[in-house]
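Coordinate inspection notes
In case you want the letters, here they are:
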Amino acid sequence: MPRYLLSSQAFLDICRRQGKPAEKWLERVRRDGVDARDVCISAVAPMNALGLIAAMIARERAGGAASKALPHLRRLETNVREFVRDLAEDDCIVPMDHHIAEQWGVLLDTEIAYVEPDGRSEEIGSAAKLEIATAIVGRHGIPFTYVIEEQAAYADLPGLLLESP
Amino acid sequence: METLAEVVTPLLDGDRTDDIGQLLAELEASLVSLEAANKGMPDIRKSALAGIPSVITRMGRSPDENATVVIALHQLAGLFGQVFAGGERKGVERRAPDAILARLKPIDFDFGDLRIPRRTHEETLGGRTALTLD
């Protein structure tokens, strides 16, 4: 049975509870017999999700007038923290070790472009590269299958197992 | 096909010795009481020390001279427990990965794309160039 590493984006999309593909994927792997403890995240995923939410809350507050988004962003933040607590209890938040760091260094020197639906492309961030390194190295010598939307640049990375939600 | 857990769990839940006997017949194993089980089986002890997987019970004598392994019921249950804990997790204690969804509150608001961005002020390409061998 494979072990999965949710990308930060898949993790956040599950926390939204809006029926996004990642949420449906989670229900699908349950039907396939996957155990909760075989679905992990990288240690940087909470930072990525909470950083985005914090930036959006700051932007809403700066807007001055009563924000419609603010209570929903707070709820999203609560969901993220709840999911993080659950994953931490199961030891499913994967920290960096020297093996992951070594792989991360290779990826830092590798150009990996994310292509937007409109065709624009942008180099992915170092935190995303750390996630990919974590998926490639895995745990106890077994790599994770990285759960992320399909991107051509990821498919070319040696040793990376991919699954699109 | 039933999983090991589906076969064993109901057997260990209640007093269904007939079913246990049937299971053990499938496994070519014999069920004996703790008192009847053997601790003086030199061949098995010797093979166990040589690395051949065996179970040596602690008390009594073997009721079957041809037995390779004699095991008491409580040890059988313990053995199954170890199997579940070690590798066969999709049995008695498997947990659904989507159980968390029940604790996450649905959000009825259109956030739009809500894509995780790159952090600003980060250096990606050439991130290790500060280290030199000069």
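Here goes a summary of the coordinates provided.

Right, let's get into the environment of A:L157. All names here are of chain A. If you trace the backbone, L157 turns up in the loop between helix 7 (152-155) and strand 7 (161-163). On the basis of relative accessibility, which here comes to 9%, the residue L157 falls in the buried class. Separated by 50 residues in sequence, L157 and L107 place their C-alpha atoms 9.0 Å apart.

Take the pattern of salt bridges next. Scanning the model with the defined rule gives 16 salt bridges over all chains in all. A salt bridge links A:E149 to B:R115; the nearest nitrogen and oxygen atoms lie 2.7 Å apart. Remark: B:R115 occurs in the segment after helix 4 (73-86) and A:E149 occurs in the loop between strand 6 (145-147) and helix 7; the pair is interchain, linking two chains. With a relative accessible area of 26%, B:R115 lands in the partly exposed category. A salt bridge links B:R115 to B:D113; the shortest N-O distance between them is 3.6 Å. Overlapping salt bridges bring together A:E82, A:R85, A:D86 and B:R103 as one network.

Residue and element names in this part refer to chain A. By secondary structure assignment, the location of R81 is in helix 4 (residues 70-89). Note on R81: relative accessible area 43%, which makes it partly exposed. Once the C-alpha coordinates of R81 and A49 are considered, the two residues, 32 residues apart in sequence, prove to be 9.8 Å apart.

Across the boundary between the two partners, chain A contributes 51 residues, which contact 32 residues of chain B. Around 4,000 Å² of area is buried between chain A and chain B when both sides are counted, 56% of it from carbon and sulfur atoms. At the surface where chain A touches chain B, the tally comes to five salt bridges. For the salt bridge of A:D86 with B:R103, the shortest nitrogen-to-oxygen distance reads 2.8 Å. Counting across the chain A and chain B interface gives 17 residue pairs in polar contact (both at pLDDT 80 or more).

The next thing to look at is the packing of aromatic side chains. Residue and element names in this part refer to chain A. The final tally for this structure, using the stated rule, is three aromatic pairs over all chains. Geometrically, the ring pair formed by Y4 and W25 is edge-to-face, given 5.0 Å between the ring centres and 85° between the ring planes. On the criterion of sequence distance, the pair formed by Y4 in strand 1 (residues 4-6) and W25 in helix 2 (residues 21-31) is long-range, its members being 21 residues apart. Just as Y4 is buried, W25 falls in that class too.

Let us now look at helix 2 of chain A. All names here are of chain A. Every buried residue of helix 2 is listed here: A22, E23, W25, L26 and V29. Burial along helix 2 is one-sided: seen end-on, the buried residues are contained in an arc of 155°. On its buried side, helix 2 packs onto strand 1, helix 1 (8-16), strand 2 (39-42), strand 6 and strand 7. In the stretch just after helix 2, G33 is the one whose phi turns positive, near 90°.

Here we take up the nonpolar core. Within the largest apolar cluster, 59 residues are counted, with the highest numbers of intra-cluster contacts made by A:L6, A:F11, A:L12, A:V80, A:F83, A:I132 and A:Y154. Counting residues per element, this core draws most heavily on helix 3 (residues 44-62) of chain A, which supplies eight residues.

This part is about the sheet that holds strand 7 of chain A. Residue and element names in this part refer to chain A. Strands sit in the order 3-2-1-6-7 across an open sheet of five strands; the sheet is parallel. The open sheet is flanked by strand 3 (93-94) and strand 7, the only strands paired with a single partner. Where strand 1 lies against strand 2, three bridges are found, and the strand directions are parallel. Among the inter-strand pairings, Y4 is bridged to a residue of strand 2, identified as V39.

So, how was this worked out
- Residues numbered from 1 in each chain as written.
- Chains lettered and ligands numbered in written order.
- Predicted model: local features only at pLDDT ≥ 70, side-chain atom pairs only at ≥ 80, totals over all residues.
- Heavy atoms only, no water.
- Helix = DSSP H or I, 4+ residues; strand = E, 2+ residues; numbered from the N terminus.
- Buried < 20%, exposed > 50% of the residue type's maximum accessible area, 1.4 Å probe, protein only.
- Salt bridge = Lys/Arg side-chain N within 4 Å of Asp/Glu carboxyl O.
- Contact = heavy atoms within 4.5 Å.
- Buried area = accessible area lost by both parts, 1.4 Å probe.
- Polar contact = N/O pair within 3.5 Å; in protein donor to acceptor, adjacent residues only side chain to side chain.
- Phe/Tyr/Trp six-rings, centres within 6.5 Å; stacked < 30°, edge-to-face > 60°.
- Arc of directions from axis to C-beta.
- Core = buried A, V, L, I, M, F, W, Y, C linked by side-chain atoms within 4.5 Å.
- Pairing = 2+ DSSP bridges.

In short, shape yes, function no, at least from these values alone.
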